[in-house]
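Topology and contacts: notes
If you want the building blocks of each chain, they are given just below.
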Amino acid sequence: QTEISWWHAMTGANAEVVEKIAGDFNASQSDYVVKPVFKGTYPETLNAGIAAFRAGQAPDIMQVFDVGTGVMMGAGGAIVPVGKVLADGGFTFDKSQYLPGIVGYYSTPEGEMLSFPYNSSSPILYYNKDIFEKAGLDVNAPPQTWAEVWAAARKIKESGAATCGYTSTWLTWIHTENFAAWNNVSWATNENGLAGTPELKIDGPLFVKHFQELADLAKEGVFVYGGRTSEAKQNFTSGECGILTESSGGLGDVVKSGINYGIGKLPYDETAEGAPQNTTPGGASLWVMAGKSDEVYKGVATFFNYLSQTEVQQFLHEQSGYLPVTMAAYEATKATDFYEKNPGRETPILQMSGKPPTENSKGVRAPNLPQLRDIQNEEYEKMLAGQQTAEEALKNAATRGNAAIREAVGG
Ligand SMILES: O=P(O)(O)OC[C@H](O)CO
């Protein structure tokens, strides 16, 4: 038997899904054994993978979050494109079978599929119906705009229904990158970096307005900050906060928590023309590392082929809230009563594919996007601590970020 190592960043309900899928694959055949290994948060997993690669000890498969895509694409000889791994293994990667937004994001401009879209997501709004009821809010009408979120969050706090009105995971992914796409404003030049080196535009007026509103809510104690990645999910599942914006991939843990929750769309800014536009794919994909034996590659190809089967994708989607990445799995889910029985579970797909993307909403790319997010987080945290205004925070994030991009491209 050939062992295949799979480094990942999944916790809670999503880690259970990883273990179940790997276990089922292992039981389905006797040539290969996939061994999942948890390596921390997404940024930690990426850093661990880079360090291991440099030491000649890279895993066979590495889960890399959306914004690590540019880093991996630039890593040249460190990876083998998934399209090639599958073809060499005797399988075909039929792109027409995959959700278009996702395939585009993980392909080269020439159309070569580089990584396997294991878990794609879209940010949505979760709300606690019991807290809404206590606060005198309509339990069947989640807030649709940011102004409505702020008003509901203040009402939750002021009424004493909960100590925290609103919290959010990922201020970078949700409030900056998806905020731009959903409101159809530019995150950066060159189609947000997908068509060339980007120059950040995140200090634009709509971002400044939005972040100042968030800073004001933090000052009032209505918004509670959880951390840079998914930490705030717990502020919601514990019942501390009435409203959460978080990845659809957070659904498994929200369901497991047993709270009486509802789902709404990602809120938009009502002053933004044409909003809401479309959200961009988040989550992560699986990269195949270079320098492995033919037997390992054959095993990886067999495993990825297994992963793309309709039943596996349907299980992943229904269990975790990540998107079904194939059209067949989406259709198969629609053919059941899953979406009727579980209101809101189709929302992330509809948000992402409801409108054809504009140059502001195809996704974001930069050679050093994880670093740009670190810079943004530092500036946002200073703002939330009351040490600077939103305008200063965003100006600094853009200036420092643009300097880092120039350095990364050697200019
Ligand atoms: O929580 P996930 O897996 O949907 O990922 C969210 C972001 O896309 C990470 O960059």
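Here, every reference points to the structure presented above.
The structure contained in this document is the topic of the report that follows.

Calculation criteria
- Residues numbered from 1 in each chain as written.
- Predicted model: local features only at pLDDT ≥ 70, side-chain atom pairs only at ≥ 80, totals over all residues.
- Heavy atoms only, no water.
- 1 Å grid on protein atoms, 1.4 Å probe; cavity = no way out; pocket = protein on both sides within 12 Å on 5 of 7 lines; lining within 4 Å.
- Points joined across faces, edges and corners; volume = space filled by probe spheres on them.
- Helix = DSSP H or I, 4+ residues; strand = E, 2+ residues; numbered from the N terminus.
- Nonpolar A, V, L, I, M, F, W, Y, C, P; charged D, E, K, R; others polar.
- Disulfide = S-S within 2.5 Å.
- Contact = heavy atoms within 4.5 Å.
- Polar contact = N/O pair within 3.5 Å; in protein donor to acceptor, adjacent residues only side chain to side chain.
- Pairing = 2+ DSSP bridges.
- Axes fitted to C-alpha atoms, helices over the stretch in contact; angles between N-to-C directions.

**So, empty space enclosed by the protein**
Scanning the entire structure with this criterion turns up 2 cavities of 30 Å³ or more. By volume, the largest cavity is sized at about 50 Å³. Lining the largest cavity we find Asp66, Val67, Tyr105, Trp173, Glu177, Asn178, Thr280, Pro281, Gly363 and Val364. Looking at the lining of the largest cavity, the element that brings in the most residues is helix H8 (residues 173-182), giving 3 residues. Considered class by class, the residues forming the lining of the largest cavity number 5 nonpolar, 3 polar and 2 charged. The space that makes up the second largest cavity amounts to roughly 30 Å³. Lining of the second largest cavity is provided by Met10, Asn14, Val17, Tyr118, Asn119, Leu316, Ser320 and Tyr322. Those elements that provide at least two residues to the lining of the second largest cavity are helix H1 (12-28), strand S5 (116-121) and helix H14 (310-320). The residue makeup of the lining of the second largest cavity, split by class, is 5 nonpolar, 3 polar and no charged.

**Points about the state of the cysteines**
Tallied over the entire structure, the rule returns 1 disulfide. Here cysteine 164 connects covalently by a disulfide to cysteine 241, the sulfurs 2.0 Å from one another. Note on the cysteine 164 and cysteine 241 pair: the S-S dihedral is about 100 degrees, so by sign convention the disulfide is right-handed. Taken as a pair, cysteine 164 in strand S7 (residues 164-168) and cysteine 241 in strand S9 (residues 241-247) lie far apart in primary sequence, 77 residues in all.

**Structural notes on the environment of phenylalanine 304**
The residue phenylalanine 304 is located in helix H13 (residues 294-307) in this model. Spatially, the C-alpha atom of phenylalanine 304 lies 9.8 Å from that of proline 117, the residues being 187 residues apart in sequence. Leave out the neighbours within four places in its chain, and phenylalanine 304 touches Ile61, Val82, Leu86, Phe116, Leu286 and Val288.

**Considering the side chain of threonine 169**
Assignment of secondary structure puts threonine 169 in the loop between S7 and H8. Engagement of the side chain of threonine 169 in a polar contact is seen with the side chain of glutamate 246, the distance being 2.7 Å. Here threonine 169 is in contact with Ile174, Thr229, Ser230, Ala232, Lys233, Leu244, Thr245, Glu246 and Ser247, once residues within four sequence places are set aside.

**Overview of the sheet that holds strand S10 (residues 261-264)**
A sheet is described by the order of its strands in space; here 5 strands give the open sequence S8-S7-S9-S6-S10, paired in mixed fashion. The outermost strands of the open sheet, each flanked by one partner alone, are strand S8 (223-225) and S10. In this sheet, adjacent strand axes meet at a mean angle of 25 degrees when their direction is disregarded. In this sheet, S9 lies alongside strand S6 (residues 123-128) in antiparallel orientation, the contact comprising 5 bridges. Bridging from a neighbouring strand, leucine 125 pairs with threonine 245 of S9. Strands in contact with helix H7 (residues 146-159) are S6, S7 and S9; relative to S7, the strand with the most contacts, it is inclined by about 135 degrees.

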